[in-house]
Amino acid sequence: MIDMEAVDREVRAARAELADAGNVKGILSLPTRVRIWRAMLDPDDDEVSYQHRVRLKMACVRHVLPVWYQAYPGDQRVEEMLTLAQDLIDQKDVDADWLQDYAEEFISNVISAAEPDTTEPEPGESVIYPDPVKEVASFVASGAAGTAISACYRDPDYDTVGRTVDDDELLPDSCASAAAGALNWQPLEQTDVPARRAFWTWYLDEAIPTTLAT
């Protein structure tokens, strides 16, 4: 059984971290998130712990899907990643090794699409600069790929062992970055801080309780 008092205690601590005056970027630190994830584990049911882990990540990706569609209207690749993750949860006929390779190829392709063309332009050709909209959308893609890869591992401790420092690529931080339009390390003036705080507030107040209720 999950110790809901422990979950509530860690969530309250996370809210205090977000509200701290010194937290000018509205970042929810990885150590704080890990403490929440550990509290969410059911010591009597590894499968439930696994499903909660993946479904929470899926909810985070869906929350920022509009950012993806702004760059890629009608592109269903992120939805496909989520569907494949759900198929693994449901133990349908999806090979985990294949999905991990497929997810890694997907995020590599999305990142490449957002990068500038580094080849020397021919006379009269324009230099192709990075696409900022696609760059932010790549954060959503990273979240979707990470969700699919996470689903490949039914280990309940997948996110809670060996995580000691902040990591922009570790879900759901990539989704918070998509909401904010900037990674944690990027300057404050490039960051939509209210949007990042709103994401983390939703995460604590809605995404976690909804996930644990399923």
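Residues numbered from 1 in each chain as written. Predicted model: local features only at pLDDT ≥ 70, side-chain atom pairs only at ≥ 80, totals over all residues. Heavy atoms only, no water.

1. Observations regarding the overall build of the protein chain
So, step 1. Within the protein chain, the secondary structure is distributed over nine helices and zero strands.
So, step 2. Of the regular secondary structure in the protein chain, the N- to C-terminal order runs α-α-α-α-α-α-α-α-α.
So, step 3. Looking at the protein chain as a whole, 48% of its 214 residues qualify as buried.
So, step 4. Within the protein chain, contacts between residues separated by at least 24 positions form 75% of all contacts whose residues are at least 6 apart in sequence.
So, step 5. If you sum the accessible surface of the protein chain, you get close to 10,800 Å²; carbon and sulfur atoms cover 52% of it. (Helix = DSSP H or I, 4+ residues; strand = E, 2+ residues; numbered from the N terminus. Buried < 20%, exposed > 50% of the residue type's maximum accessible area, 1.4 Å probe, protein only. Contact = heavy atoms within 4.5 Å. Areas by Shrake-Rupley, 256 points an atom, 1.4 Å probe, with all protein chains shown as cover.)

2. Some words on helix α2 (residues 30–40)
Note: α-helices contain 3.6 residues per turn, so residues at a spacing of three or four share the same orientation.
So, step 1. When you tally the buried positions in α2, you get eight out of eleven residues, the bulk of the element.
So, step 2. Buried within α2 we find Leu30, Thr32, Arg33, Val34, Ile36, Trp37, Ala39 and Met40.
So, step 3. Structurally, α2 contributes buried residues whose contacts are with α1 (4–19), α3 (46–63), α8 (173–180) and α9 (193–212).

3. Digging into the environment of Leu65
So, step 1. Note that Leu65 resides in helix α4 (residues 65–71).
So, step 2. In sequence terms Leu65 and Ala137 are 72 residues apart; their C-alpha atoms lie 8.8 Å from each other.
So, step 3. Among all residues touching Leu65, those that are not within four sequence positions of it are Val78 and Glu79.

4. Here's the deal with the nonpolar core
So, step 1. Of all hydrophobic cores here, the largest spans 63 residues; its most connected members are Trp37, Trp68, Phe106, Tyr203, Leu204 and Ile208.
So, step 2. Looking at this core element by element, the count peaks at ten residues for helix α7 (residues 132–151). (Core = buried A, V, L, I, M, F, W, Y, C linked by side-chain atoms within 4.5 Å.)

5. So, a negative patch on the surface
So, step 1. On the surface, Asp93, Asp95, Asp97, Asp101, Glu104 and Glu105 cluster together to form a negatively charged patch.
So, step 2. If you trace the backbone, Asp93 turns up in the loop between α5 (77–89) and α6 (96–114). (Patch = residues over 30% accessible without salt bridge, like charges linked within 9 Å, V, L, I, M, F, W, Y side chains within 5 Å. Salt bridge = Lys/Arg side-chain N within 4 Å of Asp/Glu carboxyl O. Lys, Arg positive; Asp, Glu negative; His and termini not counted. Charge placed at Lys NZ, Arg CZ, Asp CG, Glu CD.)

6. Things to note about the packing of aromatic side chains
Within a pair of aromatic rings, the relevant descriptors are the distance that separates the centres and the angle that separates the planes.
So, step 1. Following the criterion strictly, the structure yields eight aromatic pairs and no others.
So, step 2. Ring geometry for Phe199 against Trp200: centres 5.2 Å apart, planes inclined by 75°, an arrangement best described as edge-to-face.
So, step 3. Residue Trp200 is classed as buried on the basis of its relative accessible area, which comes to 0%.
So, step 4. Between Phe199 and Trp202 the ring centres are 5.5 Å apart and the planes differ by 50°, which places this aromatic pair in the tilted class. Placement of the pair is Phe199 and Trp202 together in helix α9, with a separation of three residues, close to one helical turn.
So, step 5. Under the relative-accessibility criterion, Phe199 is labelled buried at 1%. (Phe/Tyr/Trp six-rings, centres within 6.5 Å; stacked < 30°, edge-to-face > 60°.)

7. Quick notes on the packing of α1 against α2
So, step 1. Contact geometry for α1 and α2: axes closest at 8 Å, N-to-C directions at 165°. Judged by the inter-axis angle, α1 sits roughly antiparallel to α2. As for the relative orientation of α1 and α2, their crossing is left-handed in sense. In this structure, α1 uses Ala6, Val7, Glu10, Val11, Ala14 and Glu17 to contact α2, whose residues at the interface are Thr32, Arg35, Ile36, Ala39 and Met40. (Axes fitted to C-alpha atoms, helices over the stretch in contact; angles between N-to-C directions. Parallel < 35°, antiparallel > 145°, perpendicular 65-115°, else oblique. Left-handed = near helix turned anticlockwise from the far one by under 90°.)

8. Things to note about empty space enclosed by the protein
So, step 1. Counting across every chain of the model gives one cavity of 30 Å³ or more.
So, step 2. In this structure, the largest cavity encloses a volume near 140 Å³.
So, step 3. Every residue lining the largest cavity is counted, 14 residues in all, and those nearest its centre are Trp37, Met40, His52, Arg53 and Asp159.
So, step 4. Elements with a contribution of two residues or more to the lining of the largest cavity: α2 and α3. (1 Å grid on protein atoms, 1.4 Å probe; cavity = no way out; pocket = protein on both sides within 12 Å on 5 of 7 lines; lining within 4 Å. Points joined across faces, edges and corners; volume = space filled by probe spheres on them.)

9. Structural notes on the environment of Lys25
So, step 1. Within the secondary structure, Lys25 is located in the loop between α1 and α2.
So, step 2. Residues in contact with Lys25, not counting those within four places in the same chain, are Asn184, Trp185, Gln186, Pro187, Leu188, Val193 and Arg196.
So, step 3. At a separation of 2.8 Å, a polar atom in the side chain of Lys25 contacts the main-chain carbonyl oxygen of Asn184. (Polar contact = N/O pair within 3.5 Å; in protein donor to acceptor, adjacent residues only side chain to side chain.)

10. Overview of the side chain of Asn23
So, step 1. With respect to the secondary-structure elements, Asn23 resides in the loop between α1 and α2.
So, step 2. Judged by its relative accessible area of 13%, Asn23 falls in the buried class.
So, step 3. Engagement of the side chain of Asn23 in a polar contact is seen with the backbone oxygen of Glu17, the distance being 3.0 Å.
So, step 4. Ignoring any residue separated from it by four or fewer positions in sequence, one finds Asn23 in contact with Glu17, Leu18 and Arg197.

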